[in-house]
Amino acid sequence: MGLAMSPTLEEKLLAFDGHLPLARARTIPSSWYFDEEIYALERERVFAGSWLLACRSDQVAEPGAFATIEMAGEPVLVVRGEDGVLRAFYNVCRHRAAQVINLPDGKATKLRCRYHGWTYDLAGRLRGVPEFDGVEDFCRDAQGLPPMAVAEKPPFVFVHQKMPALSLDDSLAPFFERTRDLGLDRLHFAGRKEYELGCNWKVFVDNFQDGGYHVNTVHPGLASALDYSKYRAENLGLSCLQSAPMVASDDAQVGKTRTGQAYYWWLFPNLMVNLYSGVMDTNLVLPLGPDRCRVIFDFYFPDVEGEEARRFIADSMAVAHQVQLEDMGVCEEVQRGLKSASYKTGRFSVKRETGGYYFHQLLAGRLRAE
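Every chain is numbered independently, its residues counted from 1 as its sequence is written. Selection of residues for local features in this predicted model requires a pLDDT of at least 70, selection of side-chain atom pairs for listing and counting requires 80 or more, and totals for whole chains, interfaces and linings are taken over all residues. The basis for every side-chain value is the complete set of heavy atoms in the structure, and neither hydrogens nor water enter the calculation.

Participant: Just to check I follow, could you spell out the pairing of strand S2 (residues 65-71) for this structure?
Facilitator: Along any regular strand, the residues point their side chains to alternate faces of the sheet. Note on classification: 1.4 Å probe, protein chains only; a residue is buried when its accessible area is under 20% of the maximum for its type, exposed when over 50%, partly exposed between these limits. Only DSSP runs of H or I reaching four residues or more are called helices, and only runs of E reaching two or more are called strands; each is numbered from the N terminus. Of all seven residues that make up S2, five are buried, and the element is covered over most of its length. The sheet contact formed by S2 and strand S5 (residues 105-107) spans three bridges and is antiparallel. Looking across to S5, one finds that Phe66 is bridged to Gly106. Only strands that DSSP links by at least two bridges are regarded as paired with each other. Judged from the six bridges that link them, S2 and strand S3 (residues 74-80) form a sheet pairing that is antiparallel. If you follow Ile69 over to S3, its bridge partner there is Val76. In textbook terms, the turn of a hairpin is the stretch between consecutive antiparallel strands, and for S2 and S3 this stretch comprises two residues, one of which, Ala72, has a positive phi near 50 degrees.

Printed below as a string of structure tokens:
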């Protein structure tokens with residue numbers, strides 16, 4: 001008896017039917033969470049083909065200021081030129097592919113690769129090429145850093161690796177329109193926490209997008225302050241908004257720092273924004289391979305000066321840290337279960353998981369280039 005043939009990439013993609021109504025729908029196949037071919041296609045069509053959060057506006061506010069990040073294996077550099085123009089480049093030297101800048105952020109008057117000393121100006125033009133006399137058919141003007149599209153929307157800076165079909169404003173219009181009067185540009189960055197998870201990046205998004213389904217069982221502290229009966233989800237373009245009112249909590253830290261109305265935004269493909277009264281944190285999930293990811297939490301507050309503000313910030317970040325530890329445990333557990341021979345697909349709660357199915361529909365559409 002011969003061995004079964006492995007499915008082709010096309011067959012893998014067609015294994016998910018995103019046209020079914022939610023009541024009949026199934027999740028994307030479990031193999032999509034660890035398959036190398038699917039991951040390679042995500043890098044090409046999802047991450048290279050989307051507006052992605054790259055850094056904060058305050059990191060690149062002054063001429064010469066830069067920030068770097070790696071997005072699904074692609075090194076990215078954002079820099080403010082001496083002319084005040086914000087630019088983004090592939091952070092890869094044209095000589096031997098070393099990173100041009102190895103720091104997360106800082107200031108520079110030029111961009112110099114530490115490997116062989118090739119030097120670029122802040123506009124990405126190649127200026128210094130040590131010991132390259134005699135090299136034929138070499139055009140220095142054609143060896144500048146390849147640019148990316150960049151758009152600033154304080155307090156955020158987004159990049160797009162390809163020529164975007166839609167501007168950032170058009171691509172994420174519902175988010176910008178709904179948050180216009182919340183004063184996000186007046187919030188101040190207060191701190192960052194990073195976590196590495198043993199799970200596919202989509203597991204983390206699935207967890208965020210389940211309509212609060214797991215809150216009561218996984219997050220007892222948060223559940224004590226959230227009116228779960230009024231938890232709602234709206235699918236809006238390339239985003240989903242989940243919201244619920246906050247209530248008085250017996251948990252002192254949660255009750256103090258999570259008040260007003262909770263707004264949980266997911267922006268395709270990998271950015272989550274949590275908003276409460278006087279509190280915002282962004283959760284950026286970055287793939288490190290088919291079964292690992294890094295999550296960057298940035299925390300923002302209207303006031304970061306004074307002892308009272310510092311105590312509030314510390315309490316708020318402690319609440320977020322506890323929630324993340326709880327999520328990490330269940331996400332890594334899910335990743336292990338997805339590789340079980342007993343599991344291929346799952347079903348959705350009609351009441352709760354409209355956002356999760358919407359994520360899978362958008363993802364499948366992008367992978368199939370629909």
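Participant: What should I look at first to understand the nonpolar core in this one?
Facilitator: Across soluble globular proteins, nonpolar side chains show a tendency to be buried alongside one another. To qualify as a nonpolar core, a set must consist of buried Ala, Val, Leu, Ile, Met, Phe, Trp, Tyr and Cys residues joined through side-chain atoms within 4.5 Å. The biggest cluster of nonpolar side chains holds 97 residues, and the ones touching the most others in it are Trp32, Val78, Phe158, Leu197, Trp201 and Trp266. The contacts of Trp201, once residues within four sequence positions are left out, are Glu42, Val46, Phe47, Pro269, Val285, Pro287, Cys293, Phe359 and Leu363. Any pair of residues with heavy atoms lying within 4.5 Å of one another is described as a contacting pair.

Participant: Help me out: how do you make sense of the packing of aromatic side chains in this one?
Facilitator: Centre distance and the angle of the planes are the two values used to describe a pair of aromatic rings. Note on ring pairs: Phe, Tyr and Trp rings are taken, using the six-membered ring of Trp, and paired if centres are within 6.5 Å. Classes follow the plane angle, with under 30 degrees stacked, over 60 edge-to-face and the rest tilted. Applying the stated rule across the entire model yields 22 aromatic pairs. Lysine NZ or arginine CZ positioned within 6 Å of the ring centre and within 35 degrees of the ring normal marks a charge as sitting over the ring. The positively charged end of Lys153 is found above the aromatic ring belonging to Phe176, 5.0 Å away from the centroid. Its guanidinium or amino end placed over the ring of Tyr228, Arg352 lies 3.9 Å from that ring's centre, counting from NZ or CZ.

Participant: Help me understand the environment of Gly329 in this model?
Facilitator: Mapped onto the secondary structure, Gly329 falls in helix H9 (residues 307-338). Since its relative accessible area comes to 37%, Gly329 is described here as partly exposed. Along the primary structure Gly329 and Leu103 are separated by 226 residues, whereas in three dimensions their C-alpha atoms are 30 Å apart.

Participant: Is there a simple way to think about the sheet that holds strand S16 (residues 279-289) in this case?
Facilitator: Strands sit in the order S11-S17-S16-S15-S14-S13-S12 across an open sheet of seven strands; the sheet is antiparallel. What marks the edges here is a single partner per strand, and that holds for strand S11 (188-197) and strand S12 (232-236). For this sheet the average axis-to-axis angle between neighbouring strands, irrespective of direction, equals 15 degrees. In this sheet, strand S17 (residues 292-301) lies alongside S16 in antiparallel orientation, the contact comprising nine bridges. Looking at S17, one finds that Thr282 is bridged to Asp298. Relative to the sheet, helix H10 (residues 354-367) contacts S12, strand S13 (239-245) and strand S14 (261-267), its axis offset from that of S12 by approximately 20 degrees. Under this scheme, a helix contributes an axis fitted over its contacting stretch, all axes are lines through C-alpha atoms, and angles between N-to-C directions fall in the 0 to 180 degree range.

Participant: In this structure, what is going on with unusual backbone geometry? I would like to understand it.
Facilitator: Across the chain, the bulk of peptide bonds are trans and the bulk of non-glycine residues have phi less than zero. Looking along the chain, the bond that leaves Pro154 and enters Pro155 is cis, with omega of 10 degrees. In this model, Phe268 is joined to Pro269 through a cis peptide bond whose omega is 0 degrees. Looking at the element boundaries, Pro269 is found in the loop between S14 and strand S15 (271-276). In the Ramachandran plot, Glu131 falls in the positive-phi region, its phi being about 50 degrees despite a non-glycine side chain. Turning to its location among the elements, Glu131 is positioned in the loop between strand S8 (126-128) and strand S9 (147-153).

Participant: What exactly am I supposed to notice about the packing of helix H5 (residues 201-208) against H10 here?
Facilitator: Two numbers describe a pair of packed helices, the interaxial angle and the distance between the axes. Orientation of H5 relative to H10, taken along the N-to-C sense of each, is 145 degrees, at an axis distance of 9 Å. Counting all contacts with H5, which are made through Trp201, Lys202, Val205 and Asp206, the residues of H10 involved are Phe359, His360 and Leu363. Under the grouping applied here, Gly and all other residues not named as nonpolar or charged are polar, the nonpolar ones being Ala, Val, Leu, Ile, Met, Phe, Trp, Tyr, Cys and Pro and the charged ones Asp, Glu, Lys and Arg. Partitioned by chemical class, the residues of the contact of H5 with H10 number four nonpolar, one polar and two charged.

Participant: Sorry if this is basic, but what is going on with the pattern of salt bridges here?
Facilitator: Two side chains carrying opposite charge are able to pair once their charged atoms lie near each other. One side-chain nitrogen of Lys or Arg within 4 Å of one carboxyl oxygen of Asp or Glu is enough to make a salt bridge. All chains considered together, the criterion is met by 21 salt bridges. Here Arg178 makes a salt bridge to Glu234, at a shortest N to O gap of 3.1 Å. Linking Arg178 in helix H4 (residues 173-178) with Glu234 in strand S12, this pair joins segments that are 56 residues apart in sequence. Relative accessible area serves as the criterion here: at 44%, Arg178 is assigned to the partly exposed category.

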